[in-house]
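# Breakdown of the fold
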Amino acid sequence: MRRRNFLTRTGAGLAGLTALSGCTGDGGDGTESASTESATDTEATESATEAGTTTGSVEELSGTLSVATYSSFVGDGAAGNWLKSEFESEHPEVTVEFETPENGLNQYIQRKSEGAPIDADLFVGLNTGELVRADEQLDETLFATASDRIDGADTVRSELQFDPDGRVVPYDTGYISLVYDEGEVDAPGTFDALLEPAYEDALIAQNAQQSDPGRAFLLWTIYNKDPDGYLDYWVGLVDNGVTILSDWEQAYNAYSDEEAPMVVSYSTDQVFYHGEGVDMSRHQVGFLNDQGYANPEGMAQFVDSDDAELAQAFASFALTAPAQREIATRNVQFPAVEGVDPGGDFGEYALEPPEPVTFTYDELSGNVSGWIDEWARQIASN
């Protein structure tokens, strides 16, 4: 989840920061190894243990693995750094290096289109819309079909699988929701309610061209208002005073400064903001139409990788139960593997929507770029 930098800077004294700085999903001391297991998550444990031993040659792994991802996935206390440390510990002859290009996946799409070499082996942090965009812009595939060679891929929750060609394996998911101040507004309950006078000037959203949660919220409105009706709905939001800011950080800053009582965010908001002295009335989670928009993140091996075996071994490691718990608590997203329970504060405060919804790869193909472009022309540019 790409909001971590902001939260790290602003979350001093908050319970969630403790999670980011090193505690484990089971409330331990941050030293849990992927090769050990607690008494919980029995089913997932069996899969994870199996995942770590079936390659038969893990002891022989060596070399340097280059992992492309987004900046907030790495750094002190981040999920990426934990994965690197634990993976290198299990495979002493392996070095994991991260690269975080400013333009994200676009860098690799551009290099592939130009026939330039791609020096990364694995991309971590890919969502459905980005995969669709890569496929639409390239004549050749950017990623290898490798899910059948990644241990544990078959334990990922089926509803999170978004690549029909088996290139991308999800490792976590978030649910887009509203976060609101119950001292200022009641939960709107429905999309239509956001158009009512009671919610005039009350909502802050993000630009769908620049922001993952902003794009997911736009898709959520299209899911409910249909491709023929979503722009009219957004005109209604604009008429009722919605504020559209560039990204999640700017939007949440504005919400924190009480510029409006509602903001588009994640249903895991309370995982960060619970704690002594925290006014939780400002961190209520609202599921419009009893829904939340699922935005799973996946990992995929580049088809041009120089070390496919190492990339697949790292991806397999990320699907083990201990790694899934660490990713959940450190990235503040729900695990992708069936049966994994992060426990602790995450288990207590992370909220799942009654009805998770999302568009499939096939539904977005040929549509998502046009939907966003039309929204940008008619809504964001005004």
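Residues numbered from 1 in each chain as written. Predicted model: local features only at pLDDT ≥ 70, side-chain atom pairs only at ≥ 80, totals over all residues. Heavy atoms only, no water.

## Details of the overall build of the protein chain
Let me state the cut-off plainly: Helical segments are the DSSP runs of H or I of at least four residues, strand segments are the runs of E of at least two, and each set is numbered from the N terminus. Whether a residue is buried, partly exposed or exposed follows from its accessible area with a 1.4 Å probe, protein chains only, as a fraction of its type maximum: under 20%, in between, or over 50%, in that order. The contact criterion used is simple: two residues touch if any of their non-hydrogen atoms lie within 4.5 Å. Computed with a 1.4 Å probe, the accessible areas rest on the Shrake-Rupley method; for each residue, only the protein chains presented here act as cover.
If you tally the helices and strands in the protein chain, you get 15 helices and eleven strands. Within the protein chain, buried positions represent 58% of all 382 residues. Restricting the contact set of the protein chain to residue pairs at least 6 apart, pairs at least 24 apart contribute 79%. Total accessible area on the protein chain stands at roughly 15,500 Å², and carbon and sulfur atoms take up 42% of it.

## Here we look at the environment of I327
Within the secondary structure, I327 is located in helix α12 (residues 321-331). Under the relative-accessibility criterion, I327 is labelled buried at 1%. Along the chain, I327 and G80 lie 247 residues apart, while their C-alpha atoms are 8.0 Å from each other. Each residue touching I327, except ones within four places of it in the same chain, is listed here: A79, L83, Y171, D172, A318 and V332.

## Quick notes on a negative patch on the surface
The condition is simple: Within the patch definition used here, like charges are joined within 9 Å and nonpolar side chains (Val, Leu, Ile, Met, Phe, Trp, Tyr) within 5 Å, considering only residues with over 30% relative accessible area and no salt bridge. For this document, the term salt bridge refers to a Lys or Arg side-chain nitrogen within 4 Å of an Asp or Glu carboxyl oxygen. This count recognises Lys and Arg as positive and Asp and Glu as negative, with His and chain-terminal groups excluded. By convention, the point assigned to a charge is CZ for Arg, NZ for Lys, CD for Glu and CG for Asp.
A cluster of acidic side chains, namely E184, D257, E258 and E259, defines a negative patch on the protein surface. Structurally, E258 can be placed in the loop between α9 (248-256) and β7 (262-266). For E258, a relative accessible area of 59% gives the class exposed.

## Some thoughts on the packing of aromatic side chains
Let me state the cut-off plainly: Stacked, tilted and edge-to-face pairs are distinguished by plane angle, under 30 degrees for stacked and over 60 for edge-to-face with tilted covering the rest, among Phe, Tyr and Trp rings (Trp via its six-membered ring) whose centres lie within 6.5 Å.
The full count for this structure, using the stated rule, is 23 aromatic pairs. The interplanar angle of 35° and the centroid separation of 5.2 Å between the aromatic rings of F143 and F302 together place this pair among those described as tilted. A residue pair is termed long-range when its members are at least 10 positions apart, and F143 in the loop between α6 (128-137) and β4 (168-180) and F302 in the loop between β9 (291-301) and α11 (308-318) qualify at 159 residues. In this pair, the class of F143 matches that of F302, namely buried.

## What to know about the environment of A315
If you trace the backbone, A315 turns up in helix α11. With relative accessibility at 0%, the residue A315 sits in the buried group. The spacing of A315 and D151 is 164 residues in sequence and 8.0 Å in space, taken between C-alpha atoms. In this view, A315 contacts I150 and M299; residues no more than four positions away in its chain are not counted.

## Describing unusual backbone geometry
Backbone geometry at D226 places phi at a positive 70°, although glycine is not the residue there. In this fold, D226 is placed in the loop between α7 (212-225) and α8 (230-239). Of note in this structure, E258 is not a glycine but carries a positive phi near 65°.

## Some words on the confidence of the model for the protein chain
To keep it simple, the criterion reads: One confidence number per residue, pLDDT, is output by the predictor and ranges from 0 to 100.
For the protein chain, the mean per-residue pLDDT works out to 87, and 84% of the residues sit at or above 70. Low pLDDT (under 50) marks residues 4-58, which in the prediction has 106 contacts with non-local residues, meaning those over four places away or in another chain.

## Some words on the packing of α8 against helix α15 (residues 368-380)
Packed helix pairs are specified by the crossing angle of their axes together with the interaxial distance, meaning the distance between the axes. Rules: Only the stretch in contact is used when a helix axis is fitted, and all axes are lines through C-alpha atoms; the angle between N-to-C directions ranges over 0 to 180 degrees. Two helices crossing with the near one rotated counterclockwise from the far one by less than a right angle form a left-handed crossing, whereas a clockwise rotation gives a right-handed crossing. Any residue outside Ala, Val, Leu, Ile, Met, Phe, Trp, Tyr, Cys, Pro, Asp, Glu, Lys and Arg is labelled polar, Gly included; the first ten of those are nonpolar and the last four are charged.
Closest axis-to-axis distance for the α8/α15 pair is 11 Å, and the angle between their directions is 35°. Where α8 crosses over α15, the handedness of that crossing is right-handed. Residues Y230, L231, W234, V235 and V238 of α8 touch α15, and the partners they reach there are G370, W371, E374, W375, Q378 and I379. A breakdown of the residues in the contact of α8 with α15 according to their chemical character gives eight nonpolar, two polar and one charged.

## Structural notes on the pattern of salt bridges
One pass over the full model with this rule turns up 13 salt bridges. Ionic pairing is found between R167 and D163, a salt bridge with its closest N-O pair at 3.1 Å. Like R167, the residue D163 is buried in the burial classification. Of the charged contacts, one joins R330 and E326 as a salt bridge, the two residues approaching to 2.6 Å between their closest N and O atoms. Residue R330 and its partner E326 are both found in helix α12; the two are separated by four residues, about one turn of the helix. With respect to class, R330 is no different from E326; both count as buried. Sharing partners across several salt bridges, the network here consists of D135, D163, D165 and R167.

## A look at α12
Taken across its eleven residues, α12 has eleven buried, putting it largely inside the fold. Of the positions making up α12, those classed as buried are A321, P322, A323, Q324, R325, E326, I327, A328, T329, R330 and N331. Downstream of α12 by a residue or two, V332 has a phi angle that is positive, lying close to 50°.

## Section: the nonpolar core
What counts, and what does not: We call a set of buried residues a nonpolar core when its members are Ala, Val, Leu, Ile, Met, Phe, Trp, Tyr or Cys and they connect through side-chain atoms within 4.5 Å of each other.
Judged by nonpolar contacts, the single largest core of 78 residues is most densely connected at L142, F143, F217, W234, M262, F302 and W375. Here L142 is in contact with L105, Y108, I109, K112, I118, Q301, F302 and V303, once residues within four sequence places are set aside. L122, V124, F314 and V340 belong to the second-largest nonpolar core, a separate cluster that totals 34 residues.

## Some words on the packing of α7 against α8
Put simply, the test is: For classification purposes, angles smaller than 35 degrees are called roughly parallel, those larger than 145 roughly antiparallel, those between 65 and 115 roughly perpendicular, and all remaining angles oblique.
In the contact formed by α7 and α8, the axes pass within 9 Å of each other and the chain directions differ by 120°. On the basis of the axis angle, α7 is oblique to α8. In the crossing of α7 with α8, the sense of the turn from one axis to the other is right-handed. Together, F217, L218, T221, I222 and K225 of α7 and Y230, Y233 and W234 of α8 make up the contact between the two elements.

## Looking at the pairing of β7
Basically, it comes down to this: One requirement defines pairing of two strands: DSSP has to find at least two bridges between them.
Summarising burial for β7: five of the five residues are buried, a large majority. Strand direction decides the pairing type here: strand β5 (residues 203-206) and β7, joined by two bridges, are parallel. Of the residues in β7, the one forming a bridge with L203 is M262.

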